[in-house]
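# Examination of the molecular architecture
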Amino acid sequence: MKAIQFDTYGDSDVLHLTEINKPQPGENEILIKIAATTVNPFDMKVRSGSMQKMIPLNLPWIPGSDVAGRIEAVGSGVSRLKVGDEVFGSTFGGTYAEYVVIKEESAALIPNNVSLPEAAALVIPIVTSYTFLVTGGELKEGQRVLIHGAAGAVGGIMVQIAKALGAYVIGTASRGGLELAKSLGADEVIDYKNQDFTQLVKDVDLVIDLAGGETQAKSFAVVKKGGKLLSAVMPPSQELAEQYGINAQFISSEPSHKKLEFGVKLVEEGKVKTQIAKILKLEEAGKAQDLVTAGGINGKVVLEVN
Ligand SMILES: NC(=O)c1ccc[n+]([C@@H]2O[C@H](COP(=O)([O-])OP(=O)(O)OC[C@H]3O[C@@H](n4cnc5c(N)ncnc54)[C@H](OP(=O)(O)O)[C@@H]3O)[C@@H](O)[C@H]2O)c1
């Protein structure tokens, strides 16, 4: 099968097309013929080598964490899904390819009203939104949430899910992202390039940090006592958390079919819509990664495989 891989860490030109053997599913795994995967910022963090101490890889490495496609084979312990099902799900590495094996636990049937590329674009945003808003954030109806990066690939879906949960949503974005976040349901939007959110927001129950850096450091001041600051990007200061009397954590979202099924319901009810910024071919993976790195895209960059 064809796959994109890298043999050394570096910038996007280390990615190249190669031919490798098709993987085979183990006991609780499914083999998916991939229709689409997407570019996540994590792919570039891994490719650049900046995470090699935390996550050492055995090179060569096939990037990619999310997938949508048709099941071609299943392991002997698989019972919920079957050959021929159109599924979406996630794993760590291996999806910039024609086939991938993932755990049955990490896959679900796609929503009945989206295409496979649209489904691929929903995987990481749904799993991350569930992990941060529901499991970690315990967001309740009527609570106030501030989402940094509200027009990004994850943020755009998170805004919609937070609204579906009945929250009051404030989002930070820039340029065209401001209008987009508003159209996705954000009650208030703040231009992070031209406005100081600390002057405009206070007493939120929950901050979701999809930006990191100074944005995270400034966010402690806008959370009400006893509230939460959850980061998808970097561990927050525990001294500041204690000083402000809030719970601040970095969370890494684990895949699960239950999280995906929660999103499937919202998508089928029309409460969550996919945000695709661009669709490229698998062979254009390097260009696709550079597009995401450059920023300002607002939505998912999808790689179609055929
Ligand atoms: N921990 C986890 O489990 C987990 C899961 C998924 C994603 N993540 C991480 O979450 C981050 C976002 O992922 P993504 O796929 O949504 O990326 P993305 O599509 O590139 O979106 C990032 C968004 O953040 C905005 N942004 C940049 N700087 C900002 C700032 N200072 N304040 C507010 N917004 C800002 C960008 O807006 P402009 O384009 O206008 O600059 C962009 O819309 C990445 O770092 C990713 O690795 C972590």
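Up top is the structure these notes are about.
A brief look at the structure comes next. (Residues numbered from 1 in each chain as written. Predicted model: local features only at pLDDT ≥ 70, side-chain atom pairs only at ≥ 80, totals over all residues. Heavy atoms only, no water.)

## Regarding the overall build of the chain
The helix and strand inventory of the chain stands at nine helices and 15 strands. By principal-axis analysis of the C-alpha atoms, the chain measures approximately 55 × 40 × 35 Å. Looking at the 306 residues of the chain, the share that counts as buried comes to 52%. Expressed as a percentage of contacts within the chain between residues at least 6 apart in sequence, the contacts between residues at least 24 apart total 63%. For the chain, the accessible area works out to roughly 13300 Å², and carbon and sulfur atoms hold 50% of it. Of the side chains in the chain, 30 bear a positive and 36 a negative charge, and the two mean positions are spaced by 4 Å. (Helix = DSSP H or I, 4+ residues; strand = E, 2+ residues; numbered from the N terminus. Buried < 20%, exposed > 50% of the residue type's maximum accessible area, 1.4 Å probe, protein only. Contact = heavy atoms within 4.5 Å. Areas by Shrake-Rupley, 256 points an atom, 1.4 Å probe, with all protein chains shown as cover. Lys, Arg positive; Asp, Glu negative; His and termini not counted. Charge placed at Lys NZ, Arg CZ, Asp CG, Glu CD.)

## Side note on helix H2 (residues 116-136)
Helix length check: H2, at 21 residues, gives a terminal C-alpha distance of 29 Å against a target of 30 Å (1.5 Å per residue), a fit within 8%. The largest bend in H2 is about 35°, located at Leu-122, with the proline Pro-125 one to four residues further on. Burial analysis of H2 places 17 of its 21 residues in the buried class, the great majority of the element. Positive backbone phi, at 45°, marks Glu-138, one or two positions downstream of H2. (Expected span 1.5 Å × (residues − 1). Bend = angle between axes of the 7 residues up to and from the residue.)

## Topic: the pattern of salt bridges
Across all of its chains, the model carries 13 salt bridges by this definition. Across the pair Asp-187 and Lys-163 runs a salt bridge whose closest N-O atoms are separated by 2.9 Å. Here Lys-163 lies in helix H3 (residues 153-164) and Asp-187 lies in the loop between helix H4 (176-183) and strand S10 (188-191), a separation of 24 residues in the sequence. A relative accessible area of 29% means that Lys-163 is categorised as partly exposed. One network of salt bridges, with partners in common, ties together Lys-265, Glu-269 and Lys-271. (Salt bridge = Lys/Arg side-chain N within 4 Å of Asp/Glu carboxyl O.)

## Observations regarding the environment of Glu-269
With respect to the helices and strands, Glu-269 occurs in the loop between helix H8 (257-268) and strand S14 (276-281). Within the structure, Glu-269 has its side chain in polar contact with the side chain of Lys-271 (distance 3.1 Å). (Polar contact = N/O pair within 3.5 Å; in protein donor to acceptor, adjacent residues only side chain to side chain.)

## Describing the packing of helix H1 (residues 41-48) against helix H9 (residues 285-294)
Relative to each other, H1 and H9 sit at 110°, their axes nearing to 9 Å. On the basis of their axis angle, the class for H1 and H9 is roughly perpendicular. Of the residues in H9, those in contact with Pro-41, Asp-43, Met-44 and Arg-47 of H1 are Gln-289, Val-292 and Thr-293. For the contact of H1 with H9, the per-class residue count stands at three nonpolar, two polar and two charged. (Axes fitted to C-alpha atoms, helices over the stretch in contact; angles between N-to-C directions. Parallel < 35°, antiparallel > 145°, perpendicular 65-115°, else oblique. Nonpolar A, V, L, I, M, F, W, Y, C, P; charged D, E, K, R; others polar.)

## Describing the pairing of strand S15 (residues 300-304)
The buried count for S15 comes to four of five residues, which makes it a mostly enclosed element. Pairing analysis gives three bridges linking strand S3 (residues 29-38) to S15, with the strands arranged antiparallel. Of the residues in S15, the one forming a bridge with Thr-38 is Val-302. Across five bridges, S14 lies against S15 in parallel orientation. Bridge pairing in S15 places Ile-279 opposite Val-302. Chirality of the crossover, the property in question, places the unit of S14, H9 and S15 among those that are right-handed. (Pairing = 2+ DSSP bridges. Right-handed = clockwise from strand over helix to strand, strands pointing away.)

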